[in-house]
Amino acid sequence: MKYAKIAVMGGCHIVGYPIGAAHAFPVLLAELLDGEIVAQVPHLQFVRVPEQLAAVGALRPSHVVFQFCNYEFSASLRHSMDQFKRAFGAQPTQKESGGSSRSISSSFSAAGSA
């Protein structure tokens, strides 16, 4: 089996919060794959993904593991989506009675159209 060079990007759990670094899932994954962790990005932020990916890519890992849906990433994604909605005049989705949801958004026209 090829030696695994692993980069892990996500939230605080990739460095072992709250169970300790020795029990973090990247450490266990490296042991399982007989590899090493070459990069950890424990505070992945939506707005910084391109620069964080470039930095990790420069290390030429054989595997990249993403932990999405963590507090840090979700908060930065939510903030970016709120900014996007404000910038383009879109309103958030509202729950209707009965449990279904509908999207309420503004009309957009292409630049230069009459």
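Computed from a predicted structure; not experimentally measured. (Residues numbered from 1 in each chain as written. Predicted model: local features only at pLDDT ≥ 70, side-chain atom pairs only at ≥ 80, totals over all residues. Heavy atoms only, no water.)

### Thoughts on the sheet that holds strand 2 (residues 36-41)
1) Next: With parallel pairing, the three strands of this open sheet are ordered in space as 2-1-3. Strands at the two margins of the open sheet, each flanked by one partner only, are strand 2 and strand 3 (63-66). Ignoring which end each strand starts from, the neighbouring axes of this sheet average 20° apart.
2) Next: Against the sheet, helix 2 (residues 49-57) touches strand 1 (5-9), strand 2 and strand 3, its axis set at about 165° to strand 1. (Pairing = 2+ DSSP bridges. Helix = DSSP H or I, 4+ residues; strand = E, 2+ residues; numbered from the N terminus. Axes fitted to C-alpha atoms, helices over the stretch in contact; angles between N-to-C directions. Contact = heavy atoms within 4.5 Å.)

### Quick notes on the pattern of salt bridges
1) Next: The tally for this structure, following the rule as stated, stands at one salt bridge.
2) Next: With a closest N to O distance of 2.8 Å, E51 and R48 form a salt bridge.
3) Next: Judged by relative accessible area, which is 47%, E51 ranks as partly exposed. (Salt bridge = Lys/Arg side-chain N within 4 Å of Asp/Glu carboxyl O. Buried < 20%, exposed > 50% of the residue type's maximum accessible area, 1.4 Å probe, protein only.)

### Regarding the environment of G10
1) Next: When you line up the elements, G10 lands in the loop between strand 1 and helix 1 (25-33).
2) Next: Among the residues examined, G10 registers a relative accessible area of 0% and is labelled buried.
3) Next: Residues G10 and L44, spaced 34 residues apart in sequence, show a C-alpha to C-alpha distance of 5.1 Å.
4) Next: Setting aside its immediate chain neighbours within four residues, G10 contacts V41, P42, H43, L44, Q67 and N70.

### Some remarks on the side chain of Q52
1) Next: In this structure, Q52 sits in helix 2.
2) Next: Residue classification places Q52 among the buried positions, given a relative accessible area of 7%.

### With respect to the nonpolar core
1) Next: Counting residues in hydrophobic clusters, the biggest one holds eight residues: A7, M9, A39, V41, L44, V49, V56 and F73.
2) Next: Secondary structure elements with two or more residues in this core: strand 1, strand 2 and helix 2.
3) Next: Ignoring any residue separated from it by four or fewer positions in sequence, one finds A39 in contact with I6, A7, V8, V56 and L59.
4) Next: The next biggest cluster of nonpolar side chains, apart from the first, holds five residues, and it includes A4, V8, I14 and A30. (Core = buried A, V, L, I, M, F, W, Y, C linked by side-chain atoms within 4.5 Å.)

### Examining unusual backbone geometry
1) Next: Here the bond from Y17 into P18 is cis, since omega is -5°, no more than 30 degrees from zero.
2) Next: Mapped onto the elements, P18 comes out in the loop between strand 1 and helix 1.
3) Next: Here the phi dihedral of D34 falls at roughly 55°; this positive angle occurs in a residue that is not glycine.
4) Next: Take D34: it is sitting in the loop between helix 1 and strand 2.
5) Next: Its identity is not glycine, yet R60 carries a phi of approximately 55°, on the positive side.
6) Next: For R60, the location among the structural elements is in the loop between helix 2 and strand 3.
7) Next: Look at R60 and you get exposed, because its relative accessible area is 68%.

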